[in-house]
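Chain by chain, the residues:
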Amino acid sequence: MVTVKNNSLWMSKREFREFSEFVLYKERKAMSESMKTQLVSAIHLQEVELQENPESRPQQDGKNNNAEQTYSVEEAVETIGFGRFHILLFVIMGSTSIVEAMEIMLLAVVSPEIRCEWRLDDWQVALVSTMVFLGFMLCGVLSGYVADRYGRWKVVFCGFVWGAYFSILTSFAPSYGWFIFLRSMVGCGAAAVSQGFVLKTEFIPANYRSFLLPLATIFWMSGSMLIIVLGMLVVPTLGWRWMIRISVVPSIILIFLFKYVPESARYNVSAGNVQAAVETLQWIARMNRASLPPGRLVEPVLKERGSWRILIRPALRRTSVLLWYSWFVASFIYYGSVLSSSELLEKNLLCVKDADREHQVKHRHEDGLCYCIPFAFSDYQTLLISALGEVALIPLNIGLLNIFGRKMTLTVLQLLAAILFMMVNICTTMFGFTVLLFLLRSLVSMNFNVVYIYTAEVYPTVARSLGMGFCTSFSRIGGMIAPFIAQVLMSQSVILALSPFTVACVICAIGNFLLPIETKGRALLQSS
C-alpha cells in the first residue's frame, strides 16, 4: 500500500510539472504573437504619418542627411585650402602694398626737390611727412569702423580712388601749403587701402598665414624700389611733378583689377548676409577645384559690429594697449629709418672714412642753409640697396613665426633693431653704412609685417577692421613724430636723433613679451 501510495504521489508531481511548463509555453507564445502584432501596427502607423507629413522625420535619420549638417566659414576656408584663388588674391591685394609703399617712399625722394623749389627749412620738410600721417591717423579709425559696419571691399576700393585722385592733384600743387594739404588727403586714402590686409587675411587658411603674409613684404619692397627708380630716371629730366603723375599708374590699374576680389565671407556672415557668403565660398571652391564641407553654412548674426568697446573688454584690454604702443613704435622706427637714411645721404651727415667729393658738401654753412643738394646717382643706389633689405630676411621671418610664434618674434626683432640704430653712428666706409642700412631696413620691415599679422589674427571679425584702424592710427602718431627726429634733430646731432629710436625699441620689446595672447596656428575668431 505504501509503495503504491508513494508511487501515486510521485506521478502526480510529474504531471503537475509538465502541466505547468505547458501553460507557460502557451502564455509566452501568445505574448510573442501580440508583441509582433503591436510592432507591425506601430511601423505601419509611422509610415502613414511620414507620407502625410514628410518634415516629421526622426532626427536619427537626419544624421546621415547632408542637408542637416552645418559648417562655419572657418571650416569652409580650411576645407577649400590653398589654391588658384589665393594666388590671385595674393597678387592683387599684395599690389596694394606697392601703392602704399610708393606714396610713403615718395616723401623721401621728393624732399630734396621741394626743399630746393620752395626754399624750405628742416621743420617745413618734416611737416610734409607729418601731414601725410595726420591724414592717415584721422582716417584710420574711420575706415576701420566703416569696414566693420559696411564691408571691407567698399572701403579698400574707395581708398584706391581717393588716393589716386588726390595724388594726381598733388603734382599740380602751386605752393607749399597746397602741397601738404593734398598729401594729407593722400594719407587718408592710404588709411582706407590698408584695410586690404584684413580682407586678405580673412580668406587665407590658418596654416598658410605665417608663410603668405610675410611674403607680402615683396610687394612693399617693389613699391619702394619703383619710386626710387622713378626718381632716378624722371626727376633729373622731367622733374618731381611728373614723377608723382607716373606713380599714380599702379593705383589706376588696381582699380580695374579689384573687381576680381570678393567681399569677405566672414564679414558677410557676421552681417547676416549668409547667401552672399555661400556664393563667395562656392566661387573660391570652384577656382581651387575643391568642394565645400557637406551641409549648410550656419553662423550667428553679430549685431555688435564695429564697436570700440570690444577692444577694451577685459579679454582684449591688455592686448589692445600693448598693441597700440607696438604699432606706434613700428611706424616710428620704420619711417625713422627711411627718412634718416635719405637725410644722412642728402646732407652728408655720415661719418664716412672714404667719402667722395659729392659727400663732402654739407647742408649747413656759416652763412646759412644750402637748400639745393639733390640726390646723386650713388645716393639713389644706396636707397635701392636698402630697399632690397626689406625682403632679404623673409626666410628668417617665416622661420621665426613658425618656430617661436608672433610674440617672441616681435621681441627679438625689436631688440636687434635697437642695436643696429646705435651702430649707424659708427664711423665706417660707405659700403659699411650701406650694409648697416640694409640690415636695419630688414629688421624694421619684418617687425612691421609681424605686427600686422598679429593684429589681424588676435581681433575677432566683429572688430577686426576697427582694431586694425585704431592700431594704424596710433602707428601714424609715430610716423608724425619720426620726421622731426630723423630730419630736424638729425641736422643738429646724429647720436641724439638715433637715441629715441633705440629706447623706443627696447621698451617695445618688453611690451611685446608681455602680450597675453599667442596667435600662432589659432583660428580667426568671429566674436569675442
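Preceding block: the structure.
Source: prediction; values computed, not measured.

1. Topic: empty space enclosed by the protein
Inference 1: This model, assessed by the stated rule, comprises four cavities of 30 Å³ or more.
Inference 2: Of the voids in this model, the largest cavity is the one considered here, and its volume is about 310 Å³.
Inference 3: Taken together, 20 residues line the largest cavity, and the ones lying closest to its centre are Ser-97, Phe-197, Trp-220, Asn-449 and Tyr-452.
Inference 4: Where the lining of the largest cavity is concerned, the elements lending two or more residues are helix H4 (84-118), helix H8 (196-201), helix H10 (217-233), helix H15 (317-346) and helix H19 (430-458).
Inference 5: In terms of residue class, the lining of the largest cavity is made up of nine nonpolar, seven polar and four charged.
Inference 6: In this model, the second largest cavity occupies a volume close to 70 Å³.
Inference 7: Around the second largest cavity, the lining residues are Val-99, Glu-100, Glu-103, Gly-159, Phe-160, Gly-163, Ala-164, Val-186, Gly-189, Ala-190, Val-193 and Ser-251.
Inference 8: At the level of elements, H4, helix H6 (152-170) and helix H7 (176-193) are the ones that each hand at least two residues to the lining of the second largest cavity.

2. Some words on the packing of helix H5 (residues 122-150) against H7
Inference 1: Relative orientation of the contacting elements H5 and H7 amounts to 35°, with a least axis distance of 7 Å. The crossing of H5 and H7 is right-handed. Judged by residue contacts, Gln-124, Leu-127, Val-128, Met-131, Val-132, Gly-135, Phe-136, Cys-139, Gly-140 and Ser-143 of H5 engage Tyr-176, Phe-179, Ile-180, Arg-183, Ser-184, Gly-187, Cys-188, Ala-190, Ala-191 and Ala-192 from H7.
Inference 2: The residue inventory of the contact of H5 with H7, partitioned by class, reads 13 nonpolar, six polar and one charged.

3. So, the packing of aromatic side chains
Inference 1: Counted by the stated rule, this structure contains 29 aromatic pairs.
Inference 2: Consider the rings of Trp-220 and Tyr-334, whose centres lie 6.0 Å apart with planes at 75°: the pair is edge-to-face. Residue Trp-220 is located in helix H10, and its partner Tyr-334 is located in helix H15; the two are separated by 114 residues in the primary sequence.
Inference 3: Judged by its relative accessible area of 14%, Trp-220 is buried.

4. Some details on unusual backbone geometry
Inference 1: With a phi close to 55°, Arg-119 is a non-glycine residue in the positive phi region.
Inference 2: Mapped onto the fold, Arg-119 is located in the loop between H4 and H5.
Inference 3: Residue Arg-289 is not a glycine yet carries a positive backbone phi of 55°.
Inference 4: Position of Arg-289 among the secondary structure elements: in the loop between helix H14 (274-287) and strand E2 (296-297).
Inference 5: Take Arg-289: its relative accessible area is 70%, and that puts it in the exposed class.

5. A short note on the pattern of salt bridges
Inference 1: One pass over the full model with this rule turns up nine salt bridges.
Inference 2: Notably, a salt bridge pairs Glu-103 with Arg-183, separated by 2.8 Å at the nearest N-O pair. Of the two residues, Glu-103 sits in helix H4 while Arg-183 sits in helix H7, which places them 80 residues apart along the sequence. Of the two residues, Glu-103 and Arg-183, both sit in the buried class.
Inference 3: Between Arg-152 and Asp-148 there is a salt bridge, and its shortest N-O distance comes to 2.8 Å.
Inference 4: Accessibility expressed as a relative area gives 0% for Arg-152, which makes it buried.
Inference 5: Where salt bridges share partners, they join Asp-148, Arg-152, Glu-202 and Arg-464 into one cluster.

Cut-off values and rules
- Residues numbered from 1 in each chain as written.
- Predicted model: local features only at pLDDT ≥ 70, side-chain atom pairs only at ≥ 80, totals over all residues.
- Heavy atoms only, no water.
- 1 Å grid on protein atoms, 1.4 Å probe; cavity = no way out; pocket = protein on both sides within 12 Å on 5 of 7 lines; lining within 4 Å.
- Points joined across faces, edges and corners; volume = space filled by probe spheres on them.
- Helix = DSSP H or I, 4+ residues; strand = E, 2+ residues; numbered from the N terminus.
- Nonpolar A, V, L, I, M, F, W, Y, C, P; charged D, E, K, R; others polar.
- Axes fitted to C-alpha atoms, helices over the stretch in contact; angles between N-to-C directions.
- Left-handed = near helix turned anticlockwise from the far one by under 90°.
- Contact = heavy atoms within 4.5 Å.
- Phe/Tyr/Trp six-rings, centres within 6.5 Å; stacked < 30°, edge-to-face > 60°.
- Buried < 20%, exposed > 50% of the residue type's maximum accessible area, 1.4 Å probe, protein only.
- Salt bridge = Lys/Arg side-chain N within 4 Å of Asp/Glu carboxyl O.

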